[in-house]
Structures are given as C-alpha cells and as structure tokens.
Amino acid sequence: MRRTCRTVFNAPGPNLLRCSPVFAAAVAAILSMTANISEVLADDPVEQRVNALLGQMSIEEKIGQMRQANAGYGNPPDYLGDDIRAGRVGAILNLVDVDVVNELQRIAVEESRLGIPLLVGRDVIHGFKTILPIPLGQAATWNPELVEKGARVAASEAASHGVNWTFAPMVDVTRDPRWGRIAESPGEDPFLTSAMAVAMIRGFQGDDLAAADTIAACAKHFAGYGAAESGRDYATTNIPENELRNVYLKPFKASVDAGVATFMASFSDLNGVPATGNRFLMRQILRDEWGFDGFVVSDWDSVHQLSVHGLTEGDRESAYEASTAGVDMEMAGKAYEHLHDLVADGSISTDVIDAAARNILRIKFLLGLFDDPYVDPDELPPIGSEHALQVAKQTALESIVLLRNEIGVLPLQKGKVKSIAVIGPLAEAPYEQLGTWIFDGDVSLSVTGLDGIQNLAGKDTKIRYVRAMPTSRSRADVQFEEALEAAQQSDVVVLFLGEESILSGEAHSRADINLPGAQAELVREVRKAGKPVVAVILAGRPLTLTNIVDDVDAILFAWHPGTMGGAAIAEVLFGVESPSGKLPVTFPRMVGQIPIYFAQKNTGKPPSPETTVHIDDIDPFAPQTSFGMTAFHLDAGYRPLWEFGFGLSYTSFEYRDIATSVAEIRAGETITISAELKNTGGVPASETVQLYVRDLVGNVTRPVRELKGFRKVRLDPGEATRVEFQLHTDDLAFFGRDNTLIVEPGEFHAWIGGSSDAELRVSFRVLE
Ligand code: NOJ
C-alpha cells in the first residue's frame, strides 16, 4: 500500500514529493556553483591563465576563437594561414597530416599576435587507422572497460596525426533502427548509453588531457537528434520535456559528470526551437543545471541553418540566436562573422563573447597546447600496433551476438567439418566491414571473414568462396548457381550478408530495413542444398530478419565489426570463444512496429498472449469490437523478433535465487539485489547479467522496466557465482510531473537475468 503521499501525487505542480535530501543538496550546490563558473574557478591556475589572456585580447581575437574552419580535407586553402596569423580562427577540422598541422600551429603560436594555438578536430568515431566495431557494436559488448581501451587506441592514433579533439562520443539515445546514425550510437537505452559514453570519454581524455595520447572528447548531438521523425536523418524531433529529461538527456548528463571537454549542438529541431539556437538546452540545462565548463560547438553550418529551419531571417539573426543560446564555436560556417556587428551595435553584450572565448581557451589550456602545441608522432605508439589490433579484435569478438543456433550447428567442429562454402557479398569486403564514419581507417589492415575462416580452418578444410552478389544491394549480376553448387559440395554454408557501410551513417536512413537487394533470395537458393546454413550478418543497424530467420540454422550478428572483424568472427564460428554480445537495441519483426523498445510504458491496456489476436485468425465478417483487446498490431503482435539485452551462448546459464539485502529502504539508503548464476553448459563463457527495475506507481507513469545495472561475468562449466548489484535510492530517481528529480516511496519490482525479458523477480519498497 502506498503511503499518505497518494493525494500529493495526484496534484500536479510544485508540491510533489521531492528527491532525496542528498540529491537535492547536490543539485543546489551545483546550481550555486555554476552561477558563474569563472568566479568559482578563479583560484584555479588554468582559470587565471585564461583570464590573463582574455584581458589582452581584442574583440576580434575573441570572436576569432569562436570560429572553426574547414581545413580542406588535407589541402588547406591558401587563406587559412593568413586567417590563423590574423587571429581569425580558433580551431580547424579535417586535417590529419601531422606536418601540416604542426606548420599551422607554428603560424598560430609564432606569427599571430597572442600566439594562441589551434584546436584540431576530427571525427574519430570508432577508431582512427585501426577501426573498432561501430559504436552500436561496441555497446553490444556491454564491456565499458574494453570500450575505454578502444577509445584510448583511437585517441593515440589520432593524436599522432595532429588531432587534439574528436567529435565523439555520440550519445544520442535512439529507438529507431531506420535512422542511419543508429550505427554511431550506443542504442536505445539511457543507462547503457551513459555507461558507454563515460567509457569513451575516459578513453579519449584519460586522466590528463595534456598527455600525448589523449584528446578532447565531444558529447553529441545535444539533444534529441536520435528521435528524428520516422528515422529520417535531420528530421524534426518532438520530445516532451519529461521524456527528454528521463531518457534523452541522461547520457549527456553522464558525459558532463565524466568531465567531457566539449558538446556539439544538434542539427535537429527540438519542439520548435532548433537545438543550435535552443537556450533551454544550452543555458538552462547544460550550464545552469549541470555546471558544464567546457565549450559547445555547433554542428557543421548549423548556425546558418537556423534560418533554413525558419527560426531566423538570416545569418545575422542566426548568429545572435546561437551565440546567446550558448553555442561557443561555429563549425565550418560564416554566420559568426556577424558577431562583430552585433557587438558593435550593442545587440550582443561583450559578456557573451567573453564567456565563449573563455570556455574555448580553458580547454586549450587543459590540453596543454599553450605549453607544447606540436606533435611528435615518434612519442606515440605506431599505427596498427599489436596492442591496437588486439583491442580491436577483442572488441569485435565481444560485440558479436548469437541470435539463433537451432540445431547446434555452431560452433563448427574443426576436423569434423571438411569443407565450408563461404558465400555472400560481405565475406571478402575489407572496406565494408569497417562501417560508417571511418575517414582515416586503413583498409589494408582489415582481416575479412574469408581471411579469418581460411586462417582458422586449417589446411585440411576445403573452402569454396562465392561472392554471389556484387554488392549487398544487387539484384542483377547475381551468381546464385555457383553459390548453390558450392553449398551442395560442402559440409556447411557460411553466408556473409547484411548492409554495406554506405547504407548507414549520417544522411543514410532507410525506410525498409530488410536485408537489401536479392539477399533473401540468395538465402533460399542456398537452402536448397540441404546443408546447415550459418548467416553472419554485418550491418550498421538492426535489420528485420523475419523473412530469412527460418531459412538459416544459425545467425551471428556482427554489426560492422571493424579492422579485425573477420578474425573475431572466425573465432566465434569455430568456438575458440563463445559469443557473449547482447543486443543494445530491440530487433523488430517488421518496420511498422517501430518504435519498439523494452522500456515502454504499460498503457491502460497492456498486451498479453491472451488479449491479442493475429490477423489470420480473425473470423470472416467478424463484428468490430475492442472488448478485452490490448495494445498490439494485428499483423505483428507486440513482441519484437529479439529483445534488448538478448544474446545466446555456446553454453547455457541458469539464474536462480534472486534476493534483496533488505525488504525496505529509505531515501539515501542502498539496497543490494543479487541472484545466483551458474554455467550449466559445457564450455567456459561470459554472460552479461542485467538488472531491471520497475517503479510500480509514479506521479508520471514509469516504464515497464528500466535497466539499472549490468555485469559481465566469466564462468567455467559447472561454476556458479552470486552476482550483486547495489542500488541507491538516487538510482531510482526520475523526473516527475513538474520536471524535478524525485524518488517516490512505494513498491518496486526488480529482475535479474540475461535479457530484458528476465523472469526472476523480487520486490522491495522505498519508504517515505
Ligand atoms: C556533421 C555531423 O552531424 C557531426 O556528427 C560531425 O561531427 C560533423 N559533421 C563534423 O564532421
């Protein structure tokens, strides 16, 4: 039974039960602290250097710091040197020739009036030369320590080319696999996304931003970009403030707490105010509520685009809106040239310019650029080092999700399998396996699926390779006959299917997320051979696999796995390692189910097998009725094809005996929730144990489950362990009806298991 607060809960407005005193005190402290970040930091040596420099700068030089120029993708335009010399540029992007970077730094430091070094930005999203799995694949590892190592490898390789700032991590929660940029995101869940964001920030930035192998990170795209209508990139987003705070903003807050140096404003329109001109986001939330003391960069030309959105009449007004909303630096645009006039005629206070320049200079000092602006690549590990390749392989290995293994076809038994037909457009595709946003990736380092199988199978196993389709999209020029022949002659078929990398990423959204081209037909053709068929799918997003799932015996979902993808895939195929990846996003049965995600609301009519009906089972001329019916689709039901957190293994795991340390806790206290996990199968393997919680009654409705913890555990056959999660009442807080953070007393359910469908449940109460 709920306590006396029931009536309070029903009253919207300020008299809601507030969050724990501990949290409220923390928020108050942050708010007072951030009233003026510079004042608070006044005793800080970095802040003193920033202020001293600022005191010497002209307004033109300050505005110069607010401009990031495109360095011409390796061919810097002639005027760039002059602009740097004149103090008209504070940062560049898209230059990775270390000698040219060092020369531009020399001009900045030796030939500009105040010698302010440059920021050198680049999209180092999932690796630099050595490419890691796409971020969505990295999230499927559920292994933040490993993800941190990967980001450090990327940082070190990028730093050796003169880059000191990456536009990563992307921390946009997205529940739409049609969106091409889901590849760059850690998926649908704010908790997992936050964990990945923090890991990447730690990896990129390390403990010391000034170290040779660290670079500044950038949490992007602030905010809501992943909720683009119909998954169409750049489309409008409409997100109620409560959902924004409870879902989309959480990974950004975690990024601030992890010390991220910079933020990037999103291209998208949020509730009618495009993010690049959105004061609520950048002033109220980012600065006032969260106390962010790094700087905010626009997205590419997104200040100018404020007028294209229809928010402003032109660049001058756009510069006003963006700068006063809190965009400190304009990327690759010209709108901020109007800042001079806007200051001169008093439209913008010099305080706005000072604050932006100060935020930017602070990061330059923290990066150590004033002490040593030059890069000596010899001080850093070589590109594609053994360590880098090992981290890339391990990440790919742990990212692979076993979705199906019907007749125990996997792992392939070395020795028993004498011949393998390797078929498909992505078996030997060194570029495609790298995925989206790999400007600098070194294709020559790629180990393909075919390479991996050839290396591991041993010389006594015959490999028959048929590409079968020129690209994943092909409908013509297909070699299905050769494919069928190879399948007939072999013991087992391994089909490499999926999407080329160009089918995901920025501006590459799809409305149909089936396997493209004639791939489904290829599956059915090969099936005719009557041999076991394993599908290895390389893709930048979840695909709807309903139309092929029953025609294959096993499915390994490998995302775009990066440089070492083929080696990792082969190790999983041959059972060198049991697959341990778990889905960071729900896989729908069909596109019409989207958005479909585990943390949905219950609705007033929650679906169940008893209250749903399939279109084929409706009687002819049945009368219209909604009696007893619930929230489902007639043709798709309400279940996804595979749920969030799902992933099979070559062993089996048993969960039992869930328990809580206490039955009740009060605000400020911690409860331990634990369960026993046993490896009941025949091989050693890792399992990601997941904790889900439901707050049964809230002053705003709460999701049916929320992920609150996870732990990756390795167990030998027969081995058991008790896995514990500590939950503080702050972990149960949510933004209530008036959008303040609250923890409500009442009953909670907790589940521990191997996916978001976990069944082992326990209850506890939070007392007032
Ligand atoms: C546009 C993209 O939205 C952003 O993510 C990227 O960092 C910039 N371009 C720079 O390339």
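Residues numbered from 1 in each chain as written. Predicted model: local features only at pLDDT ≥ 70, side-chain atom pairs only at ≥ 80, totals over all residues. Heavy atoms only, no water.

**Some thoughts on unusual backbone geometry**
The step from leucine 410 to proline 411 runs through a cis peptide bond, and the omega angle for that step is -5°. Along the polypeptide, proline 411 turns up in the loop between strand 11 (401-405) and strand 12 (419-423). The omega torsion across isoleucine 594 and proline 595 is 0°, close enough to zero to call that bond cis. Even without being glycine, asparagine 271 reaches a positive phi, approximately 55°. In the Ramachandran plot, tryptophan 559 falls in the positive-phi region, its phi being about 55° despite a non-glycine side chain. By the secondary structure assignment, tryptophan 559 is in the loop between strand 16 (554-557) and helix 22 (565-573). With a relative accessible area of 0%, tryptophan 559 lands in the buried category. (Helix = DSSP H or I, 4+ residues; strand = E, 2+ residues; numbered from the N terminus. Buried < 20%, exposed > 50% of the residue type's maximum accessible area, 1.4 Å probe, protein only.)

**Brief notes about the packing of aromatic side chains**
With the rule as written, the count across this model stands at 22 aromatic pairs. Considering the side-chain rings of tryptophan 142 and phenylalanine 710, the 5.2 Å spacing of their centres and the 85° angle between planes classify their relative orientation as edge-to-face. Taken together, the residues tryptophan 142 in the loop between helix 8 (135-139) and helix 9 (144-159) and phenylalanine 710 in strand 21 (residues 706-715) connect sequence positions 568 residues apart. Measuring from ring centre to ring centre gives 5.9 Å for phenylalanine 222 and tryptophan 290, while their planes differ by 55°; the resulting arrangement is tilted. Here the residue phenylalanine 222 occupies a position in strand 5 (residues 218-222), and tryptophan 290 occupies one in the loop between helix 13 (279-289) and strand 9 (295-297), the gap between them amounting to 68 residues. Here phenylalanine 222 matches tryptophan 290 in class, with each residue buried. (Phe/Tyr/Trp six-rings, centres within 6.5 Å; stacked < 30°, edge-to-face > 60°.)

**A word on a negative patch on the surface**
On the surface, a cluster of negative charge is made up of Asp372, Asp376, Asp378 and Glu379. Structurally, the position occupied by aspartate 378 is in the loop between helix 17 (350-366) and helix 18 (386-399). (Patch = residues over 30% accessible without salt bridge, like charges linked within 9 Å, V, L, I, M, F, W, Y side chains within 5 Å. Areas by Shrake-Rupley, 256 points an atom, 1.4 Å probe, with all protein chains shown as cover. Salt bridge = Lys/Arg side-chain N within 4 Å of Asp/Glu carboxyl O. Lys, Arg positive; Asp, Glu negative; His and termini not counted. Charge placed at Lys NZ, Arg CZ, Asp CG, Glu CD.)

**Considerations on the pattern of salt bridges**
Tallied over the entire structure, the rule returns 40 salt bridges. For arginine 181, the salt bridge identified is with glutamate 506, shortest N-O distance 3.6 Å. Separated by 325 residues along the polypeptide, arginine 181 in the loop between strand 4 (165-166) and helix 10 (190-205) and glutamate 506 in the loop between strand 14 (492-498) and helix 21 (519-527) bring together distant segments of the chain. Given a relative accessible area of 1%, arginine 181 falls into the buried group. Each of Asp82, Arg85, Glu103, Arg106, Glu110 and Glu111 takes part in a single network of salt bridges with overlapping partners.

**Thoughts on the site of the ligand**
Around the ligand sit Asp123, Phe167, Arg181, Lys220, His221, Met264, Phe267, Asp299, Trp300, Met331, Trp437 and Glu506, and that is every residue in its neighbourhood. Here histidine 221 contributes a side-chain N or O atom positioned 2.7 Å from an oxygen atom of the ligand. One nitrogen or oxygen atom from the side chain of aspartate 299 is found 2.5 Å from an oxygen atom belonging to the ligand. Computed on the free molecule, the ligand has an accessible area of 290 Å², of which 96% lies beneath the protein chains in the complex. (Near = heavy atom within 4 Å. Polar contact = N/O pair within 3.5 Å; in protein donor to acceptor, adjacent residues only side chain to side chain.)

**What to know about the environment of serine 501**
If you trace the backbone, serine 501 turns up in the loop between strand 14 and helix 21. Considered as a pair, serine 501 and leucine 402 are 99 residues apart in the sequence and their alpha carbons are 21 Å apart. In this view, serine 501 contacts Tyr431, Glu432, Gly435, Thr436 and His560; residues no more than four positions away in its chain are not counted. (Contact = heavy atoms within 4.5 Å.)

**Topic: the layout of surface pockets**
Where empty space is left can be seen by rolling a probe of water-molecule size over the atoms. Estimated volume of the second largest pocket: approximately 900 Å³. Together, 30 residues line the second largest pocket, and Gln600, Pro607, Tyr638, Arg639 and Val704 are the ones closest to its centre. Class assignment for the residues of the lining of the second largest pocket results in 13 nonpolar, ten polar and seven charged. (1 Å grid on protein atoms, 1.4 Å probe; cavity = no way out; pocket = protein on both sides within 12 Å on 5 of 7 lines; lining within 4 Å. Points joined across faces, edges and corners; volume = space filled by probe spheres on them. Nonpolar A, V, L, I, M, F, W, Y, C, P; charged D, E, K, R; others polar.)

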